Each structure stands twice: as structure tokens, then as C-alpha cells.
Amino acid sequence: IIMSHFTYLKTSFKNLLHLENALTKLEIPYKREKKVIDANNSKLYNVNLVISQSNNYDITFNWNGEEYELVLDASFWIQPYPVESFINKVAQQYASDVIIAESQKNWIPTN
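In what follows, the accompanying structure is described. This one's a predicted model, so the numbers in the text were calculated from it and none came from an experiment. (Residues numbered from 1 in each chain as written. Predicted model: local features only at pLDDT ≥ 70, side-chain atom pairs only at ≥ 80, totals over all residues. Heavy atoms only, no water.)

Concerning the overall build of the protein
Worth spelling out the cut-off: Going along the chain from the N terminus, every DSSP run of H or I of four or more residues is numbered as a helix, and every run of E of two or more is numbered as a strand. Note on classification: 1.4 Å probe, protein chains only; a residue is buried when its accessible area is under 20% of the maximum for its type, exposed when over 50%, partly exposed between these limits. The contact definition used throughout considers only heavy atoms, calling two residues in contact when any of these lie within 4.5 Å.
Along the backbone of the protein there are two helices and five strands. Buried residues in the protein amount to 31% of all 111 residues. In the protein, 52% of the contacts between residues at least 6 apart in sequence involve partners at least 24 apart.

Brief notes about helix α2 (residues 83-105)
Selection criterion: Take the residue count of a helix, subtract one, and multiply by 1.5 Å to get its expected span.
Taking 1.5 Å per residue, 23 residues should reach 33 Å; α2 reaches 33 Å between its end C-alpha atoms and fits that length. For α2, the complete set of buried residues consists of Val83, Phe86, Val90, Tyr94 and Asp97. Those residues of α2 that are buried are in contact with β1 (7-9), α1 (16-25), β3 (45-51), β4 (59-63) and β5 (68-72).

Observations concerning the pairing of β3
Our working definition: Between any two strands, at least two bridges found by DSSP are needed for them to pair.
The element β3 is extensively covered by neighbouring structure, given that six of its seven residues are classed as buried. Looking at chain direction, β3 and β4 are connected through three bridges and run antiparallel. The residue bridging leucine 49 from the neighbouring strand is phenylalanine 61, located in β4.

Observations regarding unusual backbone geometry
Unusually for a residue other than glycine, glutamate 27 sits at a positive phi of about 55°. Mapped onto the fold, glutamate 27 is located in the loop between α1 and β2 (31-36). Of the residues examined, glutamate 27 reaches a relative accessible area of 71% and is grouped as exposed. The phi angle at asparagine 56 is positive, at roughly 70°, despite the residue not being glycine. Tracing the backbone through its elements, the reader meets asparagine 56 in the loop between β3 and β4. The exposure class assigned to asparagine 56 is exposed, which follows from its relative accessible area of 67%.

In C-alpha cells:
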């Protein structure tokens, strides 16, 4: 029997679009997964991001109501770099995407 021990790591990722852009820039394939949060109303759902691994122990960014937390089983981590490096790489790209978006928001075209 294989026992799975999931780790829930808090992040500061609060925006789905920036998180998706960060994963895309890092060439980390992911898929969106709708998670219904109200059994009586299927229109109420969160969107989680799932990173598939070849060993079927997927990595997930789960919305917990405040932020996307990283859910993984460290014993089955098969990414090319350690968990800490993975989080740091995603965080750097996420921050970069936020800065770019904010700077474009305030950009005023000149004639």
C-alpha cells in the first residue's frame, strides 16, 4: 500500500490569469479544473490548475478562498528542479506578469 502525504504550501498567488501566464512562460503545461463549491448550485465553482506528472501524482494549484495554494506529494515530485526552486520560478514570473499588466494599465498613448 502506497500512502500519499499531501503537502499544502501557501503562496501569494491570488490572480488566476497571472498564475496561468507564469506557468506558460515557464513552459509548464497545465489544465484548468472546475471544482464546484456549492453542491446545490453548480454555477458556483473555483478554477484550479493541475500540472500532470507522468507518475499520476499531479501537482495542483487549489483556490482556498484567498489564494492558490500548491498541493503536492513531495515523495512523488518528479519535476526537473526541487519544490522550492519551482515555487521561486513561478513566483518570479508571476510578479513579472503583475508588473507588466500594471504598467500597461497606466500607459497613456501619445499622438
